[in-house]
Amino acid sequence: MKPARFDYYSPDSPNEALELLGQYGDDAKILAGGQSLMPMMNMRLVRPKVVIDINRIAGLSHISPRPDGGLAVGAMTRQRELERSALVLETAPLLSLAIPYIGHFQIRNRGTVGGSLAHSDPAAEIPAVCLTLDTEFELASSAGERTVKAEDFFLNHLTTALEPAELLTQIRIPQTVGNWRWGFQEVCRRDGDFALVGAATMLRLDDRGICLESRITAFGAGGTPMRMNAAENHLSGSSVNADDRSEAARLVSDALDPISDIHASAKYRQDVAGVMVRRALEQALLPMEGEDAA
Amino acid sequence: MTTERKIRLTVNGKAYESLVPVRMTLVDFLRGELDLTGTHVGCEHGVCGACTILVDGSAMRSCLMLAVQADGANLMTVEGLAEGPELHPLQRAFQRNHALQCGFCTPGLLMTAYEFLRDTSSPTEEQVREGISGNICRCTGYAPIVQAILDVSQEAG
Ligand SMILES: Cc1cc2nc3c(=O)[nH]c(=O)nc-3n(C[C@H](O)[C@H](O)[C@H](O)COP(=O)(O)OP(=O)(O)OC[C@H]3O[C@@H](n4cnc5c(N)ncnc54)[C@H](O)[C@@H]3O)c2cc1C
């Protein structure tokens, strides 16, 4: 038998899950898609005393429009459902752009949005996109509910604001109003591998192509995905021409202090993060469907 | 204690009921308890793809699911592809194209290709390569596997 012994619960309701979490706290692990937790349990890197399987809870899996124009996504929504969702493509195209980079389709068939966010691998796509989209996280425990902003959610390598007895129930992606454009780029050795480093960008342009607002996130280049404020500030008010894009890339590389590991050296990550930002900006500026190339 | 549970599930159209230790993975259950040894078990952390089966129609890693999680599910394994002595078109194409040597990766690749072709009826070679990127083969160099899958899509189209 691969995993160490544990007690198994499969609650039908969020309340039941929260009660169990309250009771077992640190000894318990929530089991969502299992695409990160099960490998760790199979290798016995993690040996929870109690496994709380939330796959049978109805209502945690949904993609729904919000009255204010944004999007709510339930924690147990499979990554593959996001990939196929017309509503996500319409409301949060950056997410649609990023999801196919996650592992392989068999992984996305099972892996969940909430699991990816709670696990918070520094090279993961969904956390980077959620940080870029100013997403809000709804957390629940037997003591009550709270909402955490993306900028406060990712704390460190594999560490989030989630307390041991808390469940991530859903995320809220605010509506983006205006002429926004999107870019998402990453490098990895083979299709489906975790990114060595990557970037997500958003640009809001006025009629003349001047940048009113920009958002730039680097991931795989530190303990968490990171917003690149200096580069964002540099682009605001600019026409995002080739010089502006190169300068943004340089500011990003300068701001990063990544680690070396068997996959890539720190220097590589630092340099290539800049390249990813530059390419993601170029991608964001490409004419969109139905738009004149001029 | 909740260390054992009774589960009911359907595998390749046949109903089963079984008492399983909760920590048993689905692939170990299929092989060890149901004697369906067509599904192979490789890396046991989701990377190699040898254990890929269909769970309610979607290709998944059976090493990353617990058997208890399959309670109520409808599974299809490589044993469910052929109809009696009649091989599935994918199996015939793999045979024709020499898309296997040792055969270890074959069940996972077949189940992956099964869902892939259902979703993408006339794929390009590049799409096929991406579609099978989650399955590792150490014998063929992939070229005959890609060809076999393209063959089936052309036969059907
Ligand atoms: C071969 C392979 C390749 C992969 N490639 C990538 C990749 O390129 N990019 C990428 O981002 N990911 C990749 N993954 C990981 C995949 O995206 C996982 O699905 C994801 O990291 C975890 O989601 P899950 O639903 O599977 O969660 P689980 O594995 O079930 O859980 C992960 C962790 O989150 C906790 N958790 C889960 N849900 C909640 C919740 N609602 N509230 C509180 N805590 C919760 C669990 O307790 C656990 O600690 C890959 C996985 C594999 C096996």
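Residues numbered from 1 in each chain as written. Chains lettered and ligands numbered in written order. Predicted model: local features only at pLDDT ≥ 70, side-chain atom pairs only at ≥ 80, totals over all residues. Heavy atoms only, no water.

## A word on the overall build of chain A
Thinking step 1. Helix and strand counts for chain A come out as 12 helices and 14 strands.
Thinking step 2. Radius of gyration (C-alpha) of chain A: 20 Å, near the 19 Å computed for a compact globule of 294 residues.
Thinking step 3. In terms of principal-axis extent, the alpha carbons of chain A reach across some 60 × 45 × 30 Å.
Thinking step 4. The buried share of chain A, taken over its 294 residues, is 54%.
Thinking step 5. When contacts within chain A are restricted to residue pairs at least 6 apart in sequence, those whose partners lie at least 24 apart make up 60%. (Helix = DSSP H or I, 4+ residues; strand = E, 2+ residues; numbered from the N terminus. Rg over C-alpha atoms; globule rule 2.2 N^0.38 Å. Buried < 20%, exposed > 50% of the residue type's maximum accessible area, 1.4 Å probe, protein only. Contact = heavy atoms within 4.5 Å.)

## A word on the site of the ligand
Thinking step 1. Around the ligand, a shell composed of 34 residues is seen, among which Ile30, Gly34, Ser36, Leu37 and Thr112 of chain A lie nearest.
Thinking step 2. At the site occupied by the ligand, nearby residues are drawn from chains A and B.
Thinking step 3. Here an oxygen atom of the ligand and a side-chain polar atom of Ser36 of chain A are 2.7 Å apart.
Thinking step 4. Separating an oxygen atom of the ligand from a side-chain N or O atom of Thr112 of chain A is a distance of 2.6 Å.
Thinking step 5. For the ligand, the protein covers 94% of the area, taking 970 Å² as the surface of the free molecule.
Thinking step 6. When residues of the shell around the ligand are assigned to their parent elements, the largest contribution, 4 residues, is made by helix α7 (residues 113-119) of chain A.
Thinking step 7. Residue composition of the shell around the ligand, grouped by class: 16 nonpolar, 14 polar and 4 charged. (Near = heavy atom within 4 Å. Polar contact = N/O pair within 3.5 Å; in protein donor to acceptor, adjacent residues only side chain to side chain. Areas by Shrake-Rupley, 256 points an atom, 1.4 Å probe, with all protein chains shown as cover. Nonpolar A, V, L, I, M, F, W, Y, C, P; charged D, E, K, R; others polar.)

## Considering the interface of chain B and chain A
Thinking step 1. Residue-level contacts link 33 residues of chain B with 31 residues of chain A.
Thinking step 2. A combined buried area of about 2,900 Å² lies between chain B and chain A, and 53% of that area is made up of carbon and sulfur atoms.
Thinking step 3. In terms of surface lost to chain A, no three residues of chain B exceed Arg23, Leu64 and Gln69 of chain B, which account for 26% of the buried area on that side.
Thinking step 4. Here chain B and chain A share 4 salt bridges between them.
Thinking step 5. Residues Asp119 of chain B and Arg84 of chain A are paired through a salt bridge, measuring 2.6 Å at the closest nitrogen-oxygen approach.
Thinking step 6. There are 16 residue pairs in polar contact (both at pLDDT 80 or more) connecting chain B and chain A.
Thinking step 7. Mapped onto the side of chain B that touches chain A, the elements with two or more residues apiece are β4 (58-61), α3 (106-119) and α4 (125-131) of chain B. (Buried area = accessible area lost by both parts, 1.4 Å probe. Salt bridge = Lys/Arg side-chain N within 4 Å of Asp/Glu carboxyl O.)

## Considerations on the pattern of salt bridges
Thinking step 1. The final tally for this structure, using the stated rule, is 30 salt bridges over all chains.
Thinking step 2. Residue Arg227 of chain A pairs with Asp134 of chain A through a salt bridge whose shortest N-O separation is 3.1 Å. Taken together, the residues span a long stretch of sequence, with Arg227 of chain A in strand β14 (residues 226-227) and Asp134 of chain A in the loop between α8 (125-132) and β6 (136-141) at a distance of 93 residues.
Thinking step 3. On the basis of relative accessibility, which here comes to 34%, the residue Asp134 of chain A falls in the partly exposed class.
Thinking step 4. With its nearest N and O atoms 3.5 Å apart, the salt bridge here joins Glu86 of chain B to Arg92 of chain B.
Thinking step 5. Here the salt bridges do not stand alone but share partners, grouping Arg80, Glu83, Arg84 and Arg108 of chain A together with Glu115, Arg118 and Asp119 of chain B into one network.

## Some words on unusual backbone geometry
Thinking step 1. Notably, Arg44 of chain A is not glycine yet its phi reads approximately 60°, a positive angle.
Thinking step 2. Assignment of secondary structure puts Arg44 of chain A in the loop between α2 (37-42) and β3 (50-53).
Thinking step 3. When its relative accessible area of 33% is taken as the criterion, Arg44 of chain A is described as partly exposed.
Thinking step 4. Of note in this structure, Glu44 of chain B is not a glycine but carries a positive phi near 60°.
Thinking step 5. Structurally, Glu44 of chain B can be placed in the loop between α1 (26-33) and β3 (52-55).

## Some details on the nonpolar core
For soluble globular proteins, nonpolar side chains are generally found buried alongside one another.
Residues and elements named next belong to chain A.
Thinking step 1. By size, the foremost hydrophobic cluster in this structure holds 36 residues, and its most contacted members are Leu94, Leu95, Leu117, Leu133, Phe137, Phe153 and Ile171.
Thinking step 2. If one sorts the elements of this core by residue count, α8 sits on top with 5 residues.
Thinking step 3. Viewed by domain, this core spans two of them, domain 2 (63-173) and domain 3 (180-284), each represented by three or more residues.
Thinking step 4. Not counting residues within four places of it along the chain, the set of residues in contact with Phe153 comprises Leu117, Phe137, Leu139, Val148, Thr159, Thr160, Ala161 and Leu162. (Core = buried A, V, L, I, M, F, W, Y, C linked by side-chain atoms within 4.5 Å. Domains from an automatic or database assignment.)

## Some details on the pairing of β3 of chain B
All names here are of chain B.
Thinking step 1. Every second residue of β3 is oriented toward a common face, with Thr52 and Leu54 on one face and Ile53 and Val55 on the other, all of them buried.
Thinking step 2. Where β3 meets β4, 4 bridges bridge the pair, whose relative direction is antiparallel. Bridging from a neighbouring strand, Val55 pairs with Ser58 of β4.
Thinking step 3. Hairpin remark: β3 followed by β4, antiparallel, with 2 residues in the connecting loop; positive phi at Asp56, about 45°.
Thinking step 4. Pairing analysis gives 2 bridges linking β3 to strand β5 (residues 74-76), with the strands arranged antiparallel. The partner of Val55 across the bridge, within β5, is Leu75. (Pairing = 2+ DSSP bridges.)

## As for the packing of aromatic side chains
Residue and element names in this part refer to chain A.
Thinking step 1. All chains considered together, the criterion is met by 6 aromatic pairs over all chains.
Thinking step 2. Ring centres of Phe184 and Phe219 lie 5.5 Å apart, and the angle between their planes is 25°; this geometry places the pair in the stacked category. You can see Phe184 sitting in strand β11 (residues 180-187) and its partner Phe219 sitting in strand β13 (residues 211-219), a full 35 residues away along the chain.
Thinking step 3. A residue is classified by how much of its surface remains accessible, and Phe219, at 0% relative accessible area, is buried. (Phe/Tyr/Trp six-rings, centres within 6.5 Å; stacked < 30°, edge-to-face > 60°.)

Shape descriptors only; they carry no functional weight alone.
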